[in-house]
Amino acid sequence: MEKYTVLVVEDDRSMGVYLSSILSKNNYDVHYTRSGKKALSLVYELSPHLIIMDYGLPDISGTEVICRIRRHLDIPIVIISGRNREEDKVRALDLGADDYITKPFGTYEMLARLRVALRHSCCQRANELSIYRYKNMMIDFEKRNIVLAENEVHLTQNEYRIVSLLAKNGGKVLTHEYIINKVWGCAVNDDNKILRVNITNIRRKIEENPTEPEYIFTEIGVGYRMHESVV
Ligand code: CA
């Protein structure tokens, strides 16, 4: 049986020790740190399969840790937190956490959620699209090019990143904040203007009639969505 490497990030020592011992007993290879900064360096050192992290850390916030990891890596991140507010959960998930478990939690439930997060990440990798097709559009993710009715579309780097993100998640609505974080990282504030401007420019290049888009749909107040790839 494959042993998964898990990084536990928890400043509360008794909780950290408890998590580490449960996970070790369940055949995980466990590494434990109490610091968010240390977690960021361990992520690159250990390449864990999964990160289980407390949201409230003393040195840098859980939010910041998720953002920094998500800029480069797709490792599943499961948040454990004493905060039960809906907005905290939405924010963590928006930034790219895979799941959110509220303290106190049952051991078996926690273990089941970790298995789900691991399963999703494995499936995602196996199903990763190399080509996207819908109507007259074809995107080749390896070559990083977009062809529309046999003509190559010239997008800026960020425009391409937005389109490929939406295409790889075809059928799903991606929130403004999620897209901004994936494309620009956390440096950009919550203002959606930069995204709106980019979407307008992309639509000028790919849509016949940008006011009635066929490829990138607006979900008012929420975000954007592309159709699922039809291959
Ligand atoms: Ca804490």
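Residues numbered from 1 in each chain as written. Predicted model: local features only at pLDDT ≥ 70, side-chain atom pairs only at ≥ 80, totals over all residues. Heavy atoms only, no water.

Visitor: Looking at this structure, I do not really get the packing of aromatic side chains. What am I missing?
Guide: A ring pair, where both rings are aromatic, is described by two values, the distance of the centres and the angle of the planes. Taken as a whole, this structure holds 2 aromatic pairs when the rule is applied. Seen in terms of ring centroids, Tyr-55 and Tyr-100 are 6.1 Å apart; in terms of plane orientation they differ by 65°. Their pairing is edge-to-face. One end of the pair, Tyr-55, is in the loop between strand E3 (50–54) and helix H3 (62–70); the other, Tyr-100, is in strand E5 (residues 99–102), with 45 residues separating them in the sequence. Taking relative accessible area as the criterion, Tyr-55 reaches 4% and is therefore assigned buried. Classification of Tyr-100 as buried rests on a relative accessible area of 6%. Here the aromatic rings of Tyr-134 and Tyr-215 are separated by 6.2 Å at their centres, their planes lie at 90°, and the arrangement is edge-to-face. (Phe/Tyr/Trp six-rings, centres within 6.5 Å; stacked < 30°, edge-to-face > 60°. Helix = DSSP H or I, 4+ residues; strand = E, 2+ residues; numbered from the N terminus. Buried < 20%, exposed > 50% of the residue type's maximum accessible area, 1.4 Å probe, protein only.)

Visitor: What is the right way to look at the coordination of the calcium ion in this model?
Guide: Around a metal, the perfect tetrahedron of four donors has angles of 109.5 degrees, and the perfect octahedron of six donors has angles of 90 or 180 degrees. Coordination of the calcium ion by the protein comes from Asp-11 (OD), Asp-54 (OD) and Gly-56 (O), over a distance range of 2.1 to 2.4 Å. Here the donor residues for the calcium ion map to a single chain with the spacing D-x42-D-x1-G. Of this pair, Asp-11 sits in the loop between strand E1 (5–9) and helix H1 (13–25) while Asp-54 sits in strand E3, placing them 43 residues apart in sequence. (Donors = N, O, S within 2.8 Å, 3.2 Å for Na, K, Ca; no water.)

Visitor: What should I look at first to understand the domain arrangement of the chain in this one?
Guide: By convention, interface size is frequently given as the accessible area that disappears when the constituent parts associate. Here the chain is partitioned into domain 1 (5–127) and domain 2 (131–226). The distance between the C-alpha centroids of domain 1 and domain 2 comes to 29 Å. Counting residues at the interface gives 8 residues for domain 1 and 7 residues for domain 2. Counting the surface lost from both domain 1 and domain 2, the interface buries some 680 Å², and carbon and sulfur atoms represent 47% of this. Inspection of the domain 1/domain 2 interface yields 2 salt bridges. Between Lys-182 and Asp-74 there is a salt bridge, and its shortest N-O distance comes to 3.5 Å. Counting across the interface, domain 1 meets domain 2 through 3 residue pairs in polar contact (both at pLDDT 80 or more). Secondary-structure elements contributing two or more residues to the side of domain 1 that touches domain 2 are H3 and helix H4 (86–95). In terms of residue class, the side of domain 1 that touches domain 2 is built from 2 nonpolar, 1 polar and 5 charged. (Domains from an automatic or database assignment. Contact = heavy atoms within 4.5 Å. Buried area = accessible area lost by both parts, 1.4 Å probe. Salt bridge = Lys/Arg side-chain N within 4 Å of Asp/Glu carboxyl O. Polar contact = N/O pair within 3.5 Å; in protein donor to acceptor, adjacent residues only side chain to side chain. Nonpolar A, V, L, I, M, F, W, Y, C, P; charged D, E, K, R; others polar.)

Visitor: What exactly am I supposed to notice about unusual backbone geometry here?
Guide: Excluding glycine, residues mostly have negative phi values, and the peptide bonds linking residues are mostly trans. The amide bond that connects Lys-103 to the next residue, Pro-104, takes the cis arrangement and shows omega of -5°. Relative to the elements of secondary structure, Pro-104 occurs in the loop between E5 and helix H5 (107–127). Its identity is not glycine, yet Arg-144 carries a phi of approximately 55°, on the positive side. Relative to the elements of secondary structure, Arg-144 occurs in the loop between strand E7 (137–140) and strand E8 (145–148). Judged by its relative accessible area of 46%, Arg-144 falls in the partly exposed class. Residues other than glycine seldom take positive phi values, yet Ala-149 does so here, at roughly 45°.

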